[in-house]
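# Architecture and fold: a report
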Protein chains: 2
Amino acid sequence: MVSVAREEGTIDDIRAILGNDITIGAYREKTLPFPDGAIIARLSWTYEASEENNEIFGQTQSHIEGPPKNGLHFMSKDSKKYASTGDWEFVQFDDGQPLTDAAKISACFTCHALLPQRDLVFTRCAL
Amino acid sequence: MVSVAREEGTIDDIRAILGNDITIGAYREKTLPFPDGAIIARLSWTYEASEENNEIFGQTQSHIEGPPKNGLHFMSKDSKKYASTGDWEFVQFDDGQPLTDAAKISACFTCHALLPQRDLVFTRCAL
């Protein structure tokens, strides 16, 4: 596991970011750009108040994950195959089905491309 | 990974809850109480605004993990050894050192004991 995070606004989810060994190694060694073979996964869920926990604690403080939300996202590094999208392949699954809408997949790159100084990866890691 | 969550109030952290295979199996099969050998880990970090991401998105929405906070917690199920604390051993590490203050460790059980109907485990799992 690389990180956990919470996005408000229209995204409004809580997420975990996972990485394979190449990704974890790159974070540990502070290697940028990430080497070919790095895979980063983003799992996200709705962000929900836990009435159950709040009742036990006697105050409003608990937020837990609800159902999956905003799809399952992968970034996969291959500088030969994906040079046109910053050396990353962007893949998304919604309800278990791969996203095939080219315009939507392109939007992944458009946003991540705002971070060239971090090799298009938003997630920092405390490793 | 079992779950991600966020606690406000004095706890004020973002956390990931992990489980070993016995724990994951129990969640999947909805087995309660958890069987002996179940181990649940709670990793938590400070909950911080990401000015970096917010600047890129053009609005305030991003929260990420900061440094570790509130210790590394484990619940380990052994109905023979830990019958006096609900069949669970409670262990905490702060800054890599095991917590040895008996009163503080006892406080783990005191709070978790509020949930007998869920075998003392706050975390639900969407598996």
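To keep things clear, this report deals only with the structure shown in the data block.

Cut-offs used in this document
- Residues numbered from 1 in each chain as written.
- Chains lettered and ligands numbered in written order.
- Predicted model: local features only at pLDDT ≥ 70, side-chain atom pairs only at ≥ 80, totals over all residues.
- Heavy atoms only, no water.
- Helix = DSSP H or I, 4+ residues; strand = E, 2+ residues; numbered from the N terminus.
- Contact = heavy atoms within 4.5 Å.
- Salt bridge = Lys/Arg side-chain N within 4 Å of Asp/Glu carboxyl O.
- Buried < 20%, exposed > 50% of the residue type's maximum accessible area, 1.4 Å probe, protein only.
- Polar contact = N/O pair within 3.5 Å; in protein donor to acceptor, adjacent residues only side chain to side chain.
- Pairing = 2+ DSSP bridges.
- Least-squares fit on C-alpha atoms with pLDDT ≥ 70 in both.
- Phe/Tyr/Trp six-rings, centres within 6.5 Å; stacked < 30°, edge-to-face > 60°.
- 1 Å grid on protein atoms, 1.4 Å probe; cavity = no way out; pocket = protein on both sides within 12 Å on 5 of 7 lines; lining within 4 Å.
- Points joined across faces, edges and corners; volume = space filled by probe spheres on them.
- Nonpolar A, V, L, I, M, F, W, Y, C, P; charged D, E, K, R; others polar.

## Remarks on the environment of A5 of chain B
Within the secondary structure, A5 of chain B is located in strand β1 (residues 3–7). Sequence-wise, A5 of chain B and S44 of chain B are 39 residues apart; in three dimensions their C-alpha atoms are separated by 9.2 Å. With sequence-adjacent residues up to four places away left out, A5 of chain B is seen in contact with I14, H63 and I64 of chain A together with D13, I14 and R15 of chain B.

## Overview of the pattern of salt bridges
Under the criterion given, the structure shown has ten salt bridges over all chains. When the shortest N-O distance is used, the salt bridge between D119 of chain A and K77 of chain A registers 2.7 Å. With D119 of chain A in the segment after α3 (102–112) and K77 of chain A in strand β5 (residues 72–77), this residue pair connects regions lying 42 residues apart in the sequence. Both residues of the pair, D119 of chain A and K77 of chain A, belong to the buried class. Each of E52 of chain A together with R118 and R124 of chain B takes part in salt bridges that share partners, so that together they form one network.

## Quick word on the side chain of T23 of chain A
Residue and element names in this part refer to chain A. Residue position: T23 is located in helix α1 (residues 21–29). Note on T23: relative accessible area 0%, which makes it buried. Reaching out from T23, the side chain makes a polar contact with the side chain of N20 at a distance of 2.8 Å. Dropping the residues within four chain positions of it, T23 is found in contact with V2, F34, A38, I39 and I40.

## What about the pairing of strand β1 (residues 3–7) of chain A?
Residues and elements named next belong to chain A. Counting buried residues in β1 gives five out of five residues, a clear majority hidden from the surface. Alternating residues of β1 divide into S3, A5 and E7 and V4 and R6, and every residue in both groups is buried. By the bridge criterion, five bridges tie β1 to strand β2 (residues 13–19) in an arrangement that is antiparallel. Within β2, the position partnered with E7 by the bridge is D13.

## Observations regarding the relation of the copies chain A and chain B
What relates the pair of chain copies is a rotation about an axis plus a shift along that axis. In screw terms, the move from chain A to chain B is a rotation of 180 degrees and a rise of 0.0 Å along the axis, fitting with an RMSD of 0.0 Å. Read as a symmetry element, the transformation amounts to a two-fold axis. The rotation axis passes nearest to the C-alpha of V4 of chain A in chain A, at a distance of 3.7 Å. Looking at chain A, 100% of its interface residues are interface residues in chain B too, so the copies touch through the same face.

## What about the packing of aromatic side chains?
Enumeration according to the criterion identifies ten aromatic pairs over all chains in this entry. Ring centres of F34 of chain B and W88 of chain B lie 5.8 Å apart, and the angle between their planes is 65 degrees; this geometry places the pair in the edge-to-face category. Here the residue F34 of chain B occupies a position in the loop between α1 (21–29) and β3 (39–49), and W88 of chain B occupies one in strand β6 (residues 88–94), the gap between them amounting to 54 residues. Ring centres 6.1 Å apart and planes at 85 degrees place the aromatic pair F74 of chain B and F93 of chain B in the edge-to-face group. Remark: F93 of chain B occurs in strand β6 and F74 of chain B occurs in strand β5 (residues 72–77); sequence separation between them is 19 residues. Every member of this aromatic cluster is reached through a ring pair, and the members are Y27, F34 and W88 of chain A.

## Some remarks on the layout of surface pockets
In this model, the largest pocket occupies a volume close to 1,000 Å³. Forming the walls of the largest pocket are 41 residues, and the residues nearest its centre are R15, H112, V121, F122 and T123 of chain A. Among the elements that line the lining of the largest pocket, the one with the most residues is α3 of chain A, at five residues. A breakdown of the residues in the lining of the largest pocket according to their chemical character gives 24 nonpolar, nine polar and eight charged. The volume enclosed by the second largest pocket comes to roughly 720 Å³. Lining the second largest pocket are 30 residues, and of these R15, R42, H73, H112 and F122 of chain B sit closest to its centre. Breaking the lining of the second largest pocket down by element, the ones donating at least two residues are α2 (51–57) of chain A together with β1, β2 (13–19), β3, β5, β6 and α3 (102–112) of chain B. Broken down by element, the lining of the second largest pocket gets its largest block of residues, five residues, from α3 of chain B.

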